[in-house]
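Spelled out, the chains give:
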Amino acid sequence: MDTALLLARLVLAAVFVVAGVAKLADRSGSRQAMRGFGVPERLAAPAGLALPIAEIAVAVLLLPLATAWWAGLGALVLLLAFVLGIGYNLARGRQPDCHCFGQLHSEPAGVATLIRNGVLAAVAAFVVTAGSDDPGSSLVGWADDLSAAGWVALVIGALGLMLLAAEGWALVHLLGQNGRLLLRLDALEEALAGSGAAVGRTPTVPAPQPPPGLAVGSPAPAFSLSGLHGETMTLDALRAAGKPVLLIFSDPNCGPCNGLLPDIGRWQREHSGVMTVALITRGKPEANRSKSAEHGIAHVLLQSDREVAQAYMANGTPTAILVRADGTIGSPPSPGADAIRQLVARTVGSPAPVPAAIARTNGNGNGSVDTARPAPQAPAPGATKVGQPAPTLKLPDLDGNEVDLASFKGAKTLVLFWNPGCGFCSRMLDDLKSWEAAPPASAPKLLVVSTGTPEANRAMGLRSTVVLDQGFNGGRAFGASGTPSAVLVDAKGNLASPVAVGAPNVLALARGEEAPAPAENRRPAARKVGEKAPEVKLPDLNGKMIDLASHRGTKTLVLFWNPGCGFCNRMLDDLKAWEAKPPKGAPKLFVISTGTVEANKAMDLRSPVVLDQGFSAGSAFGASGTPSAVLVDAKGNIASEVAVGAPGVLALAGTPQDQAKPTVV
């Protein structure tokens, strides 16, 4: 029993010390996690500091016998609090980022997180109940029995393990550096070969090979990465402007990468109307922030290591890959600064992105690249029309079994595109469950095509079939561009409706009501600069009607907001700092939000907040999501295009630290 109690204490101490130190190393992430779990904004920062300190204290106090029982009790209290917090959020359909081990390991809270904390709580309960009189063996008691030779062997063994760990670390980094050098040598040889220079003494005829990397025209892997200011950016968000996206994979310790930074800043400024340039690197935000600020670079995204680069088969730095506006791969990887500059020149030198040519044998058997025919363009989303056969859809369900949409033939089927982490989806979940419980007589069957983990989707408690499509390829095949959205498929397997976007339209389609207008007709028409701003009369948080026209006489930033939106939550601190000390000449702020009165009051903004649950005001201005904003001048006219995302909104507000131009739609 004594040994078991000692092992239990060591396990708990190891878990708590790693979790506490990792959280202290990422204070901003800890604060964000607290906000995600519902801690009020004013308490998020102190709670984000107090929790890791408490975890480290528990870890240290678990080791001495005199304090082990009390530390076990503290561990049990903390773990039960974690279990209750995770369970409460899962029950409400939310999956905040647990940030359990800081940047070492962080994922949306789910059933697996709940089980892990439950098991650790059971270990802590064992220490408390079985160790009330005797908390077990001493951690260092065994050392009293060691002879001098034993101590020497122990020290030598510890030093040997440290040396092995250091050698392993050095070997991994050396292999990575050698890989980058080999890629650059390959690129140099290809360039020399292309210019006619001889490489080596014996010329050989290379066999025809496919281009490296992901196939041109294949779906680009989805990703979600943090920016330099804590915001989260996804591939879909980068594509929101309807332009191709150039992904440049970099490394803060790569000399050629650093030499390319001035060009990247210039490309973002000069070619923003043609493409969106995003820099994907790694390391701490502080190390990258100074470099990006020096060259005026926006859209800097941080990998934990090289997970996104590996998904795109970008095996060295710097490497660039073009993603077309429809979300498919538009070029093979371009390794090296010169190859990247050539890719940029090809992309901006024509009205549409030109994919790299496909390498193939051209008839004379030399395997050269035929540049006469570019790679075939993938069909744009929404190419299917009502009456045409529905696209093929075969995806795994939550148990891993393949589900084929064709098996639903014989009955009308509502194909619902979903994301358990989407705030709009979460708000319509109760209505969807009510529809499932008592569907109308002529209601279709429901097939949910979702992203996220199986645990997150099971936690929703839906009765209908749920299949997983992490890359949103199924949604794009049907013409959908976001969640929630849906399309009706008739009993013969043909499309019976255009894509319905948003909870009201999706539920109307589920109830068998008149199909919504086609998506291209429903897209909000952005007001032009100089036109009169739409009329806005909405209730504030006290129920008083507020008229946007009352703000005439001064510039006004109209901000479209959602307190349940993760992107909004991540920029809230920056927005409050802007309110507290606005730059000279900054506009007034007018927040048009969704959600409850309580949720909006909890944000503690100083500026006027009005409620627009149907997002009708946002649509009238041409906005299509949150956070987004538009400037209205002193005469009540539109003074800017719609800015999308935290960096664009803050730039429109005149935040000095944001040197990038706003992303506009």
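None of these values were measured; they are calculated from a predicted model. (Residues numbered from 1 in each chain as written. Predicted model: local features only at pLDDT ≥ 70, side-chain atom pairs only at ≥ 80, totals over all residues. Heavy atoms only, no water.)

Some words on the overall build of the protein chain
Heads up, the condition is: Helix and strand labels come from DSSP, where a helix needs a run of H or I of at least four residues and a strand needs a run of E of at least two; each type is numbered from the N terminus. Between buried and exposed lies partly exposed: a residue is buried under 20% and exposed over 50% of the maximum accessible area for its type, with that area taken using a 1.4 Å probe on protein chains only. Whether two residues are in contact is decided by their heavy atoms: any pair within 4.5 Å suffices. All accessibility values rest on the Shrake-Rupley procedure with a 1.4 Å probe; residue burial counts only the protein chains present in the view.
A count of helical and extended segments in the protein chain gives 20 helices and 23 strands. By the burial criterion, 42% of the 665 residues in the protein chain qualify as buried. For the protein chain, restricting intrachain contacts to residue pairs at least 6 apart in sequence, the fraction spanning at least 24 positions comes to 64%. A total accessible area of about 32,500 Å² is found for the protein chain, and carbon and sulfur atoms account for 60% of it.

Considerations on the packing of helix H4 (residues 65-91) against helix H5 (residues 111-130)
The criterion, for reference: Axis lines are fitted through C-alpha atoms, for helices just across the contact stretch, and the angle between N-to-C directions can take any value from 0 to 180 degrees. Between 65 and 115 degrees an angle is taken as roughly perpendicular, under 35 as roughly parallel, over 145 as roughly antiparallel, and anywhere else as oblique. Helix crossings get a hand from a simple test, with the near helix turned counterclockwise from the far one by less than a right angle marking a left-handed crossing and a clockwise turn marking a right-handed one.
Contact geometry of H4 with H5 gives a least axis separation of 8 Å together with a crossing angle of 155°. Our classification of the angle between H4 and H5 gives roughly antiparallel. When the axes of H4 and H5 are compared, the crossing they make is left-handed.

What about the packing of aromatic side chains?
Formally: Ring pairs are drawn from Phe, Tyr and Trp, using the six-membered ring of Trp, whenever the two centres fall within 6.5 Å, and their geometry is named by plane angle: stacked under 30 degrees, edge-to-face over 60, tilted for the rest.
Counting across every chain of the model gives five aromatic pairs. On the basis of an interplanar angle of 65° and a centroid distance of 6.3 Å, the ring pair of Phe223 and Tyr312 is categorised as edge-to-face. Of this pair, Phe223 sits in the loop between helix H6 (148-194) and strand S1 (224-227) while Tyr312 sits in the loop between helix H10 (307-311) and strand S6 (319-323), and the two are 89 residues apart along the sequence. Note on Phe223: relative accessible area 9%, which makes it buried.

Some remarks on the nonpolar core
Soluble, globular proteins show a tendency: their nonpolar side chains are buried together. The condition is simple: Definition of nonpolar core: a set of buried residues of the types Ala, Val, Leu, Ile, Met, Phe, Trp, Tyr and Cys, connected through side-chain atoms within 4.5 Å.
Among the nonpolar cores identified, the biggest contains 24 residues, and Leu559, Trp561 and Leu575 are the most heavily contacted of them. When residues of this core are traced back to their parent elements, those giving at least two are strand S19 (556-561), helix H17 (566-580), strand S20 (588-593), strand S21 (609-611), strand S22 (628-632) and helix H20 (646-653). Once you skip the residues sitting within four places of it in the chain, Leu575 turns out to touch Leu559, Trp561, Leu589 and Leu605. Membership of the second largest hydrophobic core comes to 22 residues, among which are Leu398, Leu414, Val466 and Ala486.

Remarks on a nonpolar patch on the surface
Our working definition: Within this analysis, patches are made of residues with over 30% relative accessible area and no salt bridge. Like charges are joined at 9 Å or less; nonpolar side chains (Val, Leu, Ile, Met, Phe, Trp, Tyr) at 5 Å or less. Throughout this description, the term salt bridge denotes a Lys or Arg side-chain nitrogen within 4 Å of a carboxyl oxygen of Asp or Glu.
On the surface, Val17, Val18 and Val21 cluster together to form a nonpolar patch covering roughly 200 Å² of accessible area. Position of Val17 among the secondary structure elements: in helix H1 (residues 2-24). By relative accessible area, which is 32% here, Val17 ends up partly exposed.

Comments concerning the environment of Thr451
As for its position among the elements, Thr451 is in the loop between strand S13 (445-450) and helix H13 (454-458). In sequence terms Thr451 and Phe472 are 21 residues apart; their C-alpha atoms lie 7.3 Å from each other.

Describing the pairing of S6
Here is the rule: Between any two strands, at least two bridges found by DSSP are needed for them to pair.
The element S6 is largely enclosed, with a buried count of five among its five residues. Side chains Thr319, Ile321 and Val323 project from S6 onto one buried face, and the interleaved Ala320 and Leu322 project onto a second face that is buried too. Inspection of the sheet shows S6 paired to strand S7 (residues 334-335) by two bridges, in the antiparallel sense. Each residue of the ladder has a partner; that of Thr319, found in S7, is Pro335.

Quick word on the sheet that holds strand S2 (residues 232-234)
Reading across the sheet, the seven strands line up as S2-S1-S5-S4-S3-S6-S7 and stay open at both edges, with mixed pairing between neighbours. Among the strands making up the open sheet, the edge pair consists of S2 and S7. Strands in contact with helix H8 (residues 255-270) are strand S3 (245-249) and strand S4 (276-282); relative to S4, the strand with the most contacts, it is inclined by about 145°. Contacts between helix H11 (residues 337-348) and the sheet are confined to S3, S6 and S7, with S6 contributing the most and set at about 20° to the helix.

A few points about the pairing of S13
Counted residue by residue, S13 has five buried out of six residues, so it is predominantly covered. Looking at chain direction, strand S12 (residues 413-418) and S13 are connected through six bridges and run parallel. Counted as the bridge partner of Val415 is Leu447 from S13. Across four bridges, the pairing between S13 and strand S14 (residues 465-468) is parallel. When the sheet's bridge partners are listed, Val448 is paired in S14 with Val466.

Considerations on the pattern of salt bridges
Applying the stated criterion across every chain yields a total of nine salt bridges. In this structure, Asp263 engages Arg266 in a salt bridge whose closest nitrogen and oxygen atoms are separated by 3.0 Å. Taken together, the residues span about one helical turn, with Asp263 and Arg266 both in helix H8 at a distance of three residues. Residue class for Asp263 comes out buried when judged on its relative accessible area of 14%. Notably, a salt bridge pairs Asp399 with Arg458, separated by 2.8 Å at the nearest N-O pair. With Asp399 in the loop between strand S10 (394-396) and strand S11 (402-404) and Arg458 in helix H13, the pair connects residues that are 59 residues apart, well separated along the chain. Using a relative accessible area of 58% as the deciding quantity, one classes Asp399 as exposed. The class for Arg458 is partly exposed, based on a relative accessible area of 41%. Three or more residues are tied together by salt bridges with common partners; here these are Asp263, Arg266, Glu270, Asp338 and Arg341.

Notes on the sheet that holds S22
Strand order in the open sheet made by the five strands is S21-S20-S19-S22-S23, with mixed pairing throughout. Unpaired on one side and paired on the other, S21 and strand S23 (643-644) mark the two borders of the sheet. Across two bridges, S22 lies against S23 in antiparallel orientation. Looking across to S23, one finds that Ser628 is bridged to Val644. With respect to the sheet, H20 is in contact with S19, S22 and S23, its orientation differing from that of S22 by roughly 20°.

Examining the confidence of the model for the protein chain
To keep things clear, this is the line we draw: How sure the predictor is of each residue is captured by pLDDT, a score from 0 to 100.
Taken over all residues, the pLDDT of the protein chain has a mean of 78, while the share at 70 or more is 77%. Overall, residues 350-383 carries pLDDT values under 50, and its contacts beyond four positions in sequence, including any with other chains, amount to 52 contacts. Here residues 657-665 scores under 50 on pLDDT; set against residues more than four positions off or in separate chains, the count is 29 contacts.

Points about unusual backbone geometry
The omega torsion across Thr317 and Pro318 is -5°, close enough to zero to call that bond cis. By secondary structure assignment, the location of Pro318 is in the loop between H10 and S6. The backbone of His299 shows a phi angle near 55°, a positive value even though the residue is not glycine. Here His299 lies in the loop between helix H9 (285-295) and strand S5 (300-303). Even without a glycine there, the phi angle at Met313 is positive, about 60°. Along the chain, Met313 falls in the loop between H10 and S6.

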